[in-house]
Each structure stands twice: as C-alpha cells, then as structure tokens.
Amino acid sequence: MNDKLQHPKLTFFGAGSMAEALLRGITAAELLPPSNIVVMNRQNAERLQELQQKYKIMPASTDTDKSNALRSADIILLSMKPKDAAVAIRSLKPLLHPDQLLVSVIAGLSIDTIHQLLGNAQPVVRTMPNTSSTIGLGATGISFSEAVNENQRAFAIAMFEAVGLTSVVEEPMIEAVNGVSGSGPAYIYYVMEAMIQAGVELGLTPEVATQLTAQTVKGAAEMVISTGENPGELRRKVTSPNGTTQAALETLDRFAFQEAINKAIHRCAERAREMGDAIRAEAL
Ligand SMILES: NC(=O)C1=CN([C@@H]2O[C@H](COP(=O)(O)OP(=O)(O)OC[C@H]3O[C@@H](n4cnc5c(N)ncnc54)[C@H](OP(=O)(O)O)[C@@H]3O)[C@@H](O)[C@H]2O)C=CC1
Ligand SMILES: O=C(O)[C@@H]1CCC=N1
C-alpha cells in the first residue's frame with residue numbers, strides 16, 4: 001500500500017457491536033480523521049445515523065454509496081456475523097482491486113475461506129479483538145495472509161494497538177485467542193454478576209456491590225499487569241491460612257470452578273472452529 005496509508009480510507013462492512021467498539025477506539029485515538037471512515041450495514045439506516053452523530057463518520061446506505069465505499073476503500077473491515085459472512089464477502093468480488101486490504105474480525109472465518117469466497121489471494125488480516133476495544137483496553141490476536149505488505153501490516157497493527165493490546169499470532173492460534181480474550185470479557189461479566197448478586201444478598205445496595213465488584217476486578221487485573229506476579233502468587237497472598245478466602249476457594253473447588261472455566265474456554269475455541277467450518281462449507 002502506498003503513502004495513502006498515512007490516512008487510508010477505511011470502510012466498516014458491518015456496523016454492529018464489534019464495529020462500534022473499534023470505531024469508538026479508533027476515533028478516540030485519532031488514528032484517522034472521521035472523514036476517512038465510512039460505515040455501512042445491510043439495511044438499518046437508523047443505526048448508521050446514530051453512528052454518524054456519535055463519531056462524525058460517513059454513512060453509506062444506498063447501493064451506490066455502498067459500492068463506492070467498498071471500491072474506494074484502502075481497508076475494508078469485515079464485521080458482520082459469521083452466518084452472514086459468505087454472502088457479504090462474495091458480494092465484494094466485482095468491487096475489489098488487488099491492493100485493497102481486508103481486515104476480518106469474524107469469529108472462525110479463516111484466511112483461506114476468504115480466499116475461496118473471493119477466488120483470489122487478496123491481502124487479508126485476520127483478527128480476534130474484544131469489546132474492551134471500546135475504551136482502548138482491548139485485547140486482539142492478529143495474523144496476516146502472505147500478500148499483506150509491510151505498510152498494510154504496520155497500519156493494521158496500529159489500528160488495533162490504538163484500541164488496546166495486540167499480539168501477532170500464527171493463524172491457527174486465533175481460535176485460542178477467541179477462547180481466552182475474544183469471548184473473555186463475557187466470562188468476567190458473568191463472575192461479576194454473581195459477586196454483585198451475593199453482595200446484595202448479604203445486604204449491600206446494588207450500587208455499592210457493583211462499585212466494589214468492579215474495583216476488585218480492575219484492581220486484580222492491574223496487580224497482575226503492574227507487579228508482573230502471576231495470578232497464582234497473587235491469589236496466595238490474599239489467602240490467609242484457614243481464613244475467609246480459603247473458605248471461599250474451597251467452596252469454589254467443591255463446584256469445580258476452575259475446571260468449569262477451563263472447559264468453557266476449550267468449548268469456545270471448538271465453537272469458533274465449527275462456525276469456521278460452516279462458512280467454509282458455503283464457500284466450496
Ligand atoms: N461482539 C463481540 O464481542 C465480538 C464480535 N466479534 C465478531 O464481530 C462480528 C460482528 O459481531 P457483532 O458486532 O456482535 O454483530 P452485530 O449483529 O452486532 O453486527 C453485525 C453487523 O453486520 C451487518 N451485516 C450483516 N450482513 C451484512 C451485509 N451483507 N452487508 C453489510 N452489513 C452486513 C449487520 O447489519 P444489519 O444490522 O443492517 O443487518 C450489522 O451491522 C462477528 O463476526 C463476531 O464473531 C469478534 C470479537 C468480539
Ligand atoms: O460470541 C461471539 O461469537 C463473538 C466472537 C467473540 C465474542 N463474541
């Protein structure tokens with residue numbers, strides 16, 4: 001990609017939760033002027049107006065505007081659901097030129113399947129971000145097809161570094177990223193829901209229970225990041241012998257808590273592979 005990469009044109013092909021998380025993070029980081037960003041979806045014009053008002057980006061709602069937005073983009077961000085990916089990517093075939101970069105956030109969708117759908121080896125960046133990108137605290141795994149050049153690779157990494165931590169991985173590891181961090185925020189929210197409920201049962205107001213829970217999770221994460229100690233070491237420092245924490249952890253062990261989290265993450269990665277296989281079946 002040539003020096004247009006300083007301020008490339010970016011088209012969001014899909015305008016849902018993940019797209020907005022990235023859009024908010026990218027605009028907050030001022031990585032691109034909003035005038036360089038076009039957002040399109042299938043038919044929800046109100047959604048596009050909402051995003052235009054919030055982020056001052058350009059909506060593309062007519063068929064002509066959509067085609068122009070896809071033809072003229074330096075980077076097209078594929079952000080539709082896996083079930084909609086094959087139809088959407090096939091619709092790109094007559095519009096793409098060889099040096100356009102496709103960036104996918106679609107769970108399970110492999111680079112090879114994208115190439116199968118397009119009938120060519122288009123430059124593709126395959127990623128697995130998460131919704132914490134919304135506030136610049138995302139966690140993204142990123143991998144590259146062979147045709148991605150150095151400028152494209154650098155800008156794609158800059159895009160996701162603008163919204164949080166970015167790890168370059170080999171493509172087969174993207175499902176593991178999906179299991180750990182792509183879906184990971186939901187596991188933490190699930191634990192937080194239970195902590196808040198128990199706090200309220202013990203007499204705290206919902207507001208105080210929520211504030212204490214959120215600060216505990218934030219503090220624990222920051223302790224791991226800033227001290228460099230691993231979670232096991234830090235957990236042991238909380239656990240006084242025969243104290244309150246030990247009583248709680250023994251209860252968690254009785255309900256196989258860690259085994260449940262482990263199995264959930266393996267199942268998540270397996271589900272991503274299943275979804276990828278389903279898209280591939282449509283491509284063949
Ligand atoms: N949510 C998350 O935490 C994460 C999601 N992802 C991935 O991001 C992708 C999107 O997920 P999410 O944002 O939650 O889904 P949403 O349902 O919120 O958004 C999907 C978007 O895609 C649009 N769309 C569907 N088909 C087409 C098409 N043919 N042309 C144009 N736009 C189309 C929809 O438009 P319309 O509403 O008009 O139908 C909608 O704007 C998924 O593949 C998911 O795996 C990855 C990491 C994390
Ligand atoms: O649940 C999903 O399929 C998407 C992908 C990762 C997080 N949400």
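Owing to the predicted nature of the structure, the values given are computational and were not obtained by experimental measurement.

**Student:** In this structure, what is going on with the pairing of strand E5 (residues 101–104)? I would like to understand it.
**Tutor:** Of the two faces of E5, the one holding Leu101 and Val103 and the one holding Leu102 and Ser104 are both buried throughout. Looking at chain direction, strand E4 (residues 75–78) and E5 are connected through four bridges and run parallel. Looking across to E5, one finds that isoleucine 76 is bridged to leucine 102. The parallel pair E4 and E5, bridged by helix H4 (residues 82–90), forms a crossover whose chirality is right-handed. In this structure, E5 lies alongside strand E6 (residues 124–128), joined through three bridges in parallel fashion. If you follow valine 103 over to E6, its bridge partner there is valine 125. The β-α-β motif built from E5, the intervening helix H5 (residues 111–118) and the parallel element E6 has right-handed crossover chirality.

**Student:** I tried to follow the pattern of salt bridges on my own but got confused; where do I start?
**Tutor:** Should their charged atoms come close, side chains of opposite charge can pair. Using the criterion set out here, one finds 14 salt bridges in the structure. Two residues, aspartate 84 and lysine 83, come together in a salt bridge whose shortest N-O distance is 3.2 Å. Residue aspartate 84 is classed as buried on the basis of its relative accessible area of 16%. Each member of the salt-bridge network shares a partner with another, and the members are Glu20, Arg47, Glu50 and Lys54.

**Student:** What should I look at first to understand the UniProt feature "domain: Pyrroline-5-carboxylate reductase dimerisation" (unreviewed entry) in the chain in this one?
**Tutor:** The feature "domain: Pyrroline-5-carboxylate reductase dimerisation" (unreviewed entry), as given by UniProt, occupies residues 171–275 in the numbering adopted here. Between the first and last C-alpha atoms of residues 171–275 the distance is 16 Å; the span itself is 83% helix and 0% strand.

**Student:** I tried to follow the nonpolar core on my own but got confused; where do I start?
**Tutor:** Nonpolar side chains tend to gather and get buried jointly when the protein is soluble and globular. Counting residues in each nonpolar core, the largest one holds 32 residues, and the members touching the most others are Phe12, Leu22, Ile26 and Val39. Every element with two or more residues in this core is listed here: strand E1 (10–13), helix H1 (17–28), strand E2 (37–40), helix H2 (45–55), E4, E5, strand E7 (138–144) and helix H6 (150–161). Look past the residues within four positions of phenylalanine 12 in its chain and what remains in contact with it is Ala19, Leu22, Leu23, Ile26, Ile37, Val38, Val39, Met40 and Leu77. Membership of the second largest hydrophobic core comes to 27 residues, among which are Ala60, Leu95, Leu96 and Ile279.

**Student:** I'm lost on the UniProt feature "domain: Pyrroline-5-carboxylate reductase catalytic N-terminal" (unreviewed entry) in the chain in this one. Help?
**Tutor:** Listed under "domain: Pyrroline-5-carboxylate reductase catalytic N-terminal" (unreviewed entry) in the UniProt record, and renumbered for this structure, are residues 9–108. The span residues 9–108 is 42% helical and 18% strand by assignment, and the distance between its end C-alpha atoms comes to 26 Å.

**Student:** Please explain the packing of helix H7 (residues 174–182) against helix H12 (residues 257–283) as it appears in this structure.
**Tutor:** Helices that pack against each other are described as a pair by the angle of their axes relative to one another and the distance between those axes. Between H7 and H12, whose axes approach to 8 Å, the crossing angle comes to 135°. Judged by the angle between their axes, H7 and H12 are oblique. Crossing angle aside, the handedness with which H7 passes H12 is right-handed. Together, Glu175, Asn178, Gly179 and Val180 of H7 and Ile265, Cys268, Ala269, Ala272 and Arg273 of H12 make up the contact between the two elements. Looking at the contact of H7 with H12 residue by residue, the class counts come to five nonpolar, two polar and two charged.

**Student:** It is not clear to me how the side chain of histidine 115 should be interpreted in this structure. Could you clarify?
**Tutor:** You can see histidine 115 is positioned in helix H5. Judged by its relative accessible area of 16%, histidine 115 falls in the buried class. A distance of 2.8 Å separates a polar side-chain atom of histidine 115 from the backbone oxygen of glutamine 122. If sequence neighbours within four positions are ignored, histidine 115 has contacts with Asn120, Ala121, Gln122, Val124 and Ser145.

**Student:** Teacher, can you tell me more about the sheet that holds strand E3 (residues 58–59) here?
**Tutor:** What the eight strands build is an open sheet, ordered E3-E2-E1-E4-E5-E6-E7-E8; its pairing is mixed. In this open sheet, the two strands that pair with only one neighbour each are E3 and strand E8 (164–168).

Calculation criteria
- Residues numbered from 1 in each chain as written.
- Chains lettered and ligands numbered in written order.
- Predicted model: local features only at pLDDT ≥ 70, side-chain atom pairs only at ≥ 80, totals over all residues.
- Heavy atoms only, no water.
- Buried < 20%, exposed > 50% of the residue type's maximum accessible area, 1.4 Å probe, protein only.
- Helix = DSSP H or I, 4+ residues; strand = E, 2+ residues; numbered from the N terminus.
- Pairing = 2+ DSSP bridges.
- Right-handed = clockwise from strand over helix to strand, strands pointing away.
- Salt bridge = Lys/Arg side-chain N within 4 Å of Asp/Glu carboxyl O.
- UniProt positions renumbered as here; feature names shortened; annotations may be inferred.
- Core = buried A, V, L, I, M, F, W, Y, C linked by side-chain atoms within 4.5 Å.
- Contact = heavy atoms within 4.5 Å.
- Axes fitted to C-alpha atoms, helices over the stretch in contact; angles between N-to-C directions.
- Parallel < 35°, antiparallel > 145°, perpendicular 65-115°, else oblique.
- Left-handed = near helix turned anticlockwise from the far one by under 90°.
- Nonpolar A, V, L, I, M, F, W, Y, C, P; charged D, E, K, R; others polar.
- Polar contact = N/O pair within 3.5 Å; in protein donor to acceptor, adjacent residues only side chain to side chain.

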